[in-house]
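Architecture at a glance
Here is what each chain is made of, one letter per residue.
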Amino acid sequence: MIDLYQDTEIETMDREALEALQLLRYKRTVANALKTPFYKKRLNSVGIKSAKDLKSLPDIKKIPFTTKEDLREAYPFGLMASKKEDVVRMHASSGTTGTPTVIYQTQEDLDNWTNLTTRSLVSVGCHKGDIFQNMMTYGLFTGGIGLHYGAEKLGMLVIPASSGNTKRQLQLMKDFESTVVHATPSYMLYLYSKLEEYGYTLSDFKLKKALVGAEPHSEEIRQKIEKLFGIDAYNSYGLSEMNGPSVAFECEKKAGMHLWEDSYYMEIVDEDTLKELPDGKTGELVLSILIRNATPILRYRTRDLTSIIPGQCSCGRISRRISRIKGRTDDMLIINGVNVFPSQIEEVIMKMPEVGTNYRILVKKEGLLDRLIVQTEVGPSIFSDDARDMNALKKRIIDNLRASITISPTVELHEPGVLPVQEGKAIRVVDERGGSK
Ligand code: DLL
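Residues numbered from 1 in each chain as written. Predicted model: local features only at pLDDT ≥ 70, side-chain atom pairs only at ≥ 80, totals over all residues. Heavy atoms only, no water.

What to know about the domain arrangement of the protein
The accessible area lost on association of the parts is a frequent measure of interface size. Along its sequence, the protein is carved into domain 1 (8-329) and domain 2 (338-431). Just the C-alpha atoms count here: the centres of domain 1 and domain 2 sit 30 Å apart. Across the contact, 22 residues belong to domain 1 and 16 residues belong to domain 2. By the criterion of area lost to domain 2, the three top residues of domain 1 are Glu220, Lys224 and Lys326, representing 33% of everything that side buries. For Lys351, the salt bridge goes to Glu220, with nearest N and O atoms at 3.7 Å. Put simply, the parts of the chain that give the side of domain 1 that touches domain 2 at least two residues each are helix H8 (185-194) and helix H9 (219-229). Counting residues per element, the side of domain 1 that touches domain 2 draws most heavily on H8, which supplies 5 residues. For the side of domain 1 that touches domain 2, a count of residues per class yields 9 nonpolar, 8 polar and 5 charged. (Domains from an automatic or database assignment. Contact = heavy atoms within 4.5 Å. Buried area = accessible area lost by both parts, 1.4 Å probe. Salt bridge = Lys/Arg side-chain N within 4 Å of Asp/Glu carboxyl O. Helix = DSSP H or I, 4+ residues; strand = E, 2+ residues; numbered from the N terminus. Nonpolar A, V, L, I, M, F, W, Y, C, P; charged D, E, K, R; others polar.)

Take a look at the structure:
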């Protein structure tokens, strides 16, 4: 018998009990936070001198938000709340856009995180006996190592393949009969596009599920992965500041991602007014981590845009669900005054069966005007030398995009394999306008 839940008591407790647990854990986190000079100053400034000053969950709203800049300023040790000798692991963001942000974990913190990754794997029907090929990067990035321990704890056979080396990935998948893979959605599509070149067909594999995350992707991309490989694909969300993967995970119902509320306290706020938004309304996700001693982070502005899906999931889990990440507050493009999210473009083009597995959005300045260029690969059987066919397809893509984003982009069609591919997170948008966005 395969268990439906990893921890029935926690996953199906009633809301009152969950909120009591959240308050208890929030207080513990605040007590830890007060050990760091950064939070001591912040919390004291709003009258919180000890965890006891937090009498109920609404009191949390008094706490000022924490931003990425705050974490950068605290680099390298400013937010460490445990004794250095009790810390057993660190992770850091890549720091490509500035000083990296660092988080630390004690052994207990790691055990708590592992518990969540195991829970997430169970929620998508993984079990002992599965062969888990982990194609996320291992290292300072949390994607690889994060799910690794959870999968081992569940009893899956883990292949720590890490990212890249597509030829070897395919060989491992075949020879060791991988049943579950973990990768970015863009890499899953790339993997598929390489099957033929390396001499494989789908019948060589025993693959059943893909866990995809770490980058934004539309429902259309999920469906494309599912259709191409003939498998189930599940969305996984997380960020290094909150440990990494398994902050929120889809369950087998595929009806939004359960944000594990016993471990993370979530709020959705209007990104401009910072006022809390009701369920169903899209805004910025704000998270507090409730299960980490070594680096407490309170009311962190993730910059990710999502909404709380009203109502309870039919799987019976109490944790509320968030919708697919729509983009980031800093992702939005302003094209000649019109707001466009890259996700809107992806949604439109990936609905069209003629469009292949890769695309890129370019934004340029031409004189005073912005120009939006959408480059898409076309499926191998579609690409044709007949200019009339290709022009007709281009026109259909432009028409569909105009109907959604109200502007007409230039569309360029490319043969499969021409557009650049990244090993880790895909770079979908290249904005060449400099600071003039
Ligand atoms: O990407 C952690 C992770 C690893 C999640 C593996 C899932 C799977 P960071 O590198 O810190 O951590 O990047 C976090 O990536 O704030 C989102 O903007 C984006 N992101 C992560 N998962 C998703 C997702 C990892 N499922 C940032 N959908 C986040 C959309 C996602 N965006």
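Considerations on the environment of Glu226
Among the secondary structure elements, Glu226 is positioned in helix H9. Judged by its relative accessible area of 15%, Glu226 is buried. A sequence separation of 220 residues divides Glu226 from Gln6, and the C-alpha atoms of the two residues are 25 Å apart. Once residues within four sequence positions are removed from consideration, Glu226 is found in contact with Ile231, Asp232, Ala233 and Lys254. One polar contact links Glu226 to Lys254, side chain to side chain, over a distance of 2.7 Å. (Buried < 20%, exposed > 50% of the residue type's maximum accessible area, 1.4 Å probe, protein only. Polar contact = N/O pair within 3.5 Å; in protein donor to acceptor, adjacent residues only side chain to side chain.)

So, the packing of aromatic side chains
Taken as a whole, this structure holds 6 aromatic pairs when the rule is applied. Consider the rings of Phe77 and Tyr104, whose centres lie 6.1 Å apart with planes at 20 degrees: the pair is stacked. Of this pair, Phe77 sits in the loop between helix H4 (68-73) and strand E1 (87-92) while Tyr104 sits in strand E2 (residues 102-106), placing them 27 residues apart in sequence. Across from the ring centre of Tyr234, 5.4 Å away, lies the NZ or CZ of Lys254, which sits over that ring. (Phe/Tyr/Trp six-rings, centres within 6.5 Å; stacked < 30°, edge-to-face > 60°. Lys NZ or Arg CZ within 6 Å of the ring centre and 35° of its normal.)

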